[in-house]
Amino acid sequence: MKSLFRAGVVALALATVATPALAKNPMVGGAAMYPTKNIIQNAVNSKDHTTLVAAVKAAGLVGTLSGKGPFTVFAPTNAAFDKLPAGTVGELVKPENKATLTSILTYHVVAGRLTAANIAAKIKAGKGKATLTTLSGGTLTASMMGGKLMLTDAKGGMSHVTIGNVMQSNGVIHVVDTVLMP
């Protein structure tokens, strides 16, 4: 089991070595992601992240995520938001729910630029798990599952990184398949 875990960590680390600033980023939501642009400038171009962008705007976080950073953002796709109970997103973006929305969104952000290789190294050092502190003050638990980086939220929900190491001028985005809940 240990050798299988180590093989998974090594494979992830080799496949996701920190991308130099001028290297080509993966496409996200059918759009090119430019390492010279910030998180918001890139996210608005992804057709898979329209719900996230609308939520970031509703929470008033555009300025923060356009700022210097660096930030590591675990960015849920539209499909991830669609997994929430019907009507949840509509309720969250209402002005009276701004504090709750902000808490959920900042739960997807970690201070610093953590590439998948950095996270894999933390997982290895933590003997299979790493605790990441989010901007909301909560924690995410990172681990490997079937060779993929997995995040477990405070409620026990799990989200997998589907596209990692999307380098930004002010951090890095890792696309995730489930909304994480504080």
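Position labels on residues start from 1 in each chain and follow its written sequence. It should be noted that, the model being predicted, local features are given only for residues of pLDDT at least 70 and side-chain atom pairs only at 80 or more, the latter also being counted only at that level, while totals for whole chains, interfaces and linings use all residues. No hydrogens and no water enter the side-chain calculation; it runs on all heavy atoms of the structure.

Digging into the overall build of the chain
Along its length, the chain carries eight helices and seven strands. Per-residue accessibility, obtained with a 1.4 Å probe over protein chains only, is compared with the maximum for each type, and a residue is labelled buried under 20%, exposed over 50%, and partly exposed between these values. Burial status across the chain gives 45% buried among its 182 residues. Taking the contacts inside the chain whose residues are at least 6 apart along the sequence as the reference set, 63% of them involve residues at least 24 apart. Only the protein chains shown count as cover for residues, and all accessible areas are computed by the Shrake-Rupley method using a 1.4 Å probe. Total accessible area on the chain stands at roughly 8,800 Å², and carbon and sulfur atoms take up 61% of it. Every helix listed is a DSSP run of H or I at least four residues long, and every strand listed is a run of E at least two residues long, numbered separately from the N terminus. Any two residues whose heavy atoms approach within 4.5 Å at even a single point are treated as in contact.

Considering the pattern of salt bridges
Salt bridge criterion: a side-chain nitrogen from Lys or Arg within 4 Å of a carboxyl oxygen from Asp or Glu. For the coordinates displayed, the defined rule picks out one salt bridge. Two residues, E91 and K94, come together in a salt bridge whose shortest N-O distance is 2.8 Å.

Some words on unusual backbone geometry
Note that the residue after G69, namely P70, is joined by a cis bond; omega there is 0 degrees. Following the sequence through the fold, P70 ends up in the loop between α4 (62-66) and β1 (71-76). With a phi angle near 55 degrees, K127 is a residue other than glycine that sits in the positive phi range. Within the secondary structure layout, K127 lies in the loop between α8 (116-125) and β3 (130-133). At N165, a position not held by glycine, the phi torsion is positive, near 55 degrees. As for its placement among the helices and strands, N165 is situated in strand β6 (residues 158-168). Residue class for N165 comes out buried when judged on its relative accessible area of 5%.

Digging into the confidence of the model for the chain
Residue-level pLDDT values for the chain average 90, and 87% of them are 70 or greater. Contacts of residues 3-22 to residues separated by more than four positions or lying in other chains number 22 contacts, the stretch itself having pLDDT below 50. pLDDT expresses how confident the predictor is about each individual residue, on a scale running from 0 to 100.

Notes on the layout of surface pockets
Over the atoms rolls a probe the size of a water molecule, and in doing so it shows where empty space is left. Using protein atoms alone on a 1 Å grid, points that fit a 1.4 Å probe yet trap it form a cavity, whereas open point sets bounded by protein on both sides within 12 Å along at least five of seven lines form a pocket; residues with an atom within 4 Å of a point count as lining. Grid points are joined across faces, edges and corners, and a volume is the space filled by probe spheres set on the points. Quantified by volume, the largest pocket comes out at close to 240 Å³. Around the largest pocket, the lining is made up of 27 residues, and of these I39, L52, V56, L65 and V73 lie nearest the centre. When contributions to the lining of the largest pocket are tallied by element, the ones reaching two or more residues are α2 (39-43), α3 (50-59), α4, β1, α7 (98-106) and β7 (171-176). For this scheme, ten residues count as nonpolar: Ala, Val, Leu, Ile, Met, Phe, Trp, Tyr, Cys and Pro. Four count as charged, namely Asp, Glu, Lys and Arg, and the remainder, Gly too, count as polar. Tallied by class, residues from the lining of the largest pocket come to 21 nonpolar, five polar and one charged.

Points about the side chain of N170
Here N170 lies in the loop between β6 and β7. Classification of N170 by relative accessible area gives buried; the value is 3%. The contacts of N170, once residues within four sequence positions are left out, are N38, I39, L65, S66, G67, K68, G69, P70, F71 and R113.

Topic: the nonpolar core
Within the largest apolar cluster, 26 residues are counted, with the highest numbers of intra-cluster contacts made by V56, L65, V73, L105 and I173. Secondary structure elements with two or more residues in this core: α2, α3, β1, α5 (78-82), α7 and β7. Looking at which element gives the most residues to this core, the answer is α3, with four residues. By size, the runner-up hydrophobic cluster in this structure holds 16 residues, among which are F74, L114, L140 and V176. We define the nonpolar core as a collection of buried residues of types Ala, Val, Leu, Ile, Met, Phe, Trp, Tyr and Cys that are connected through side-chain atoms lying within 4.5 Å of one another.

Considering the environment of S66
With respect to the helices, strands and loops of the structure, S66 is situated in helix α4. Exposure remark for S66: the relative accessible area of 30% places this residue in the partly exposed category. A sequence separation of 29 residues divides S66 from K37, and the C-alpha atoms of the two residues are 9.2 Å apart. Apart from residues lying up to four places away in sequence, S66 is in contact with N38, I40 and N170. Within the local environment of S66, its side chain forms a polar contact with the backbone oxygen of V62, the two atoms lying 2.8 Å apart. By the criterion applied in these results, polar contacts are pairs of N or O atoms within 3.5 Å in which, for protein atoms, one can donate a hydrogen and the other can accept it, and in which residues neighboring in sequence qualify only through two side-chain atoms.

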